[in-house]
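# Understanding the architecture of this molecule
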Amino acid sequence: MFKNIVAVVVTYNRKDLLMECLSAIIDQSYKVTKIVLIDNASTDGTEDMLRKSGYLNDPMIDYVKMDTNTGGAGGFYYGMKHSMRYKSDWVWIMDDDTIPTETCLEKLIMADEHIKKSEKKDAAYYASAVYGPDGEFMNLPGISNKPSDNGYPYWYKYLAKGIVNIARCTFVSVL
């Protein structure tokens, strides 16, 4: 079943990484409906690069240039608030230096479908595994130690499906 997904990207003075990020989002095997791009008052020519690349004329991209840099949290707050006008099923958030693999969003959606089928309930969020340039794990989430009915933690319950129950994560590819 197709989900209406809005990606929210927050950027500040990393135009080259932003171009990679946008390209990777657009090339996803599971397509987003809209990209809300929050430019946190960049001064490095980000807007000019977006214009020259054609992204500012792309109806899929909703570009918002902030008057001041509100920091990552402020950018995500405004981006998620702004994304609500699109009445999405999910909001996929990330910084401009996040370069999702081609199947990243598809895997997040598959995890959601598996949880709904198995648990008959919704999860609050899903987070991607994050790897650095040399394949090292980065931005490690906090594993959930919430006990199951028998008292033991069940973070590993869906490990065979590539899903680990987490308690917290960073703003790097979170659905």
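It should be emphasised that the depicted structure is a prediction, and the values quoted were computed from it without experimental measurement. (Residues numbered from 1 in each chain as written. Predicted model: local features only at pLDDT ≥ 70, side-chain atom pairs only at ≥ 80, totals over all residues. Heavy atoms only, no water.)

This part takes up the pairing of strand S1 (residues 5–11). Taking burial as the measure, the seven residues of S1 include seven buried ones, the bulk of the element. Burial along S1 is two-sided: the face carrying Ile5, Ala7, Val9 and Thr11 and the face carrying Val6, Val8 and Val10 are both buried. Relative to strand S4 (residues 90–95), S1 runs parallel, the two sharing six bridges. Following the sheet pairing, Val8 is matched in S4 by Ile93. Both S1 and strand S2 (residues 34–39) contribute to a ladder of six bridges, which runs parallel. (Buried < 20%, exposed > 50% of the residue type's maximum accessible area, 1.4 Å probe, protein only. Helix = DSSP H or I, 4+ residues; strand = E, 2+ residues; numbered from the N terminus. Pairing = 2+ DSSP bridges.)

In this fold, Met80 is placed in helix H3 (residues 71–83). Once the C-alpha coordinates of Met80 and Ile93 are considered, the two residues, 13 residues apart in sequence, prove to be 8.2 Å apart. Discounting residues that sit within four places of it in the chain, Met80 has contacts with Val8, Val91 and Ile93. (Contact = heavy atoms within 4.5 Å.)

For the rest of this paragraph, the subject is the sheet that holds S4. In space, the four strands of this open sheet follow the order S3-S2-S1-S4, with parallel pairing throughout. The open sheet terminates on both sides in strands that have one partner only, identified here as strand S3 (61–65) and S4. On average, adjacent strands in this sheet sit at an angle of 20° to one another, irrespective of strand direction. Both S2 and S3 contribute to a ladder of five bridges, which runs parallel. In the sheet register, Asp39 faces S3, and the bridge partner there is Lys65. Each of S1, S2, S3 and S4 touches H3; the most contacted strand, S1, lies at about 155° to it. (Axes fitted to C-alpha atoms, helices over the stretch in contact; angles between N-to-C directions.)

Bringing the pattern of salt bridges into the picture now. All chains considered together, the criterion is met by five salt bridges. With its nearest N and O atoms 2.6 Å apart, the salt bridge here joins Asp96 to Arg14. Linking Asp96 in the loop between S4 and helix H4 (104–119) with Arg14 in the loop between S1 and helix H1 (15–26), this pair joins segments that are 82 residues apart in sequence. For Arg14, a relative accessible area of 34% translates into the label partly exposed. Where Arg51 meets Glu47, a salt bridge forms, and the shortest distance between an N and an O atom there is 3.4 Å. Here Arg51 pairs with Glu47, and both are found in helix H2 (residues 46–53), just four residues apart, close to one helical turn. The class of Arg51 is partly exposed, set by a relative accessible area of 44%. The partly exposed category is assigned to Glu47, whose relative accessible area is 28%. Among the charged side chains, a network of salt bridges with common partners joins Glu47, Asp48, Arg51 and Lys65. (Salt bridge = Lys/Arg side-chain N within 4 Å of Asp/Glu carboxyl O.)

Structural measurements only, silent on function.
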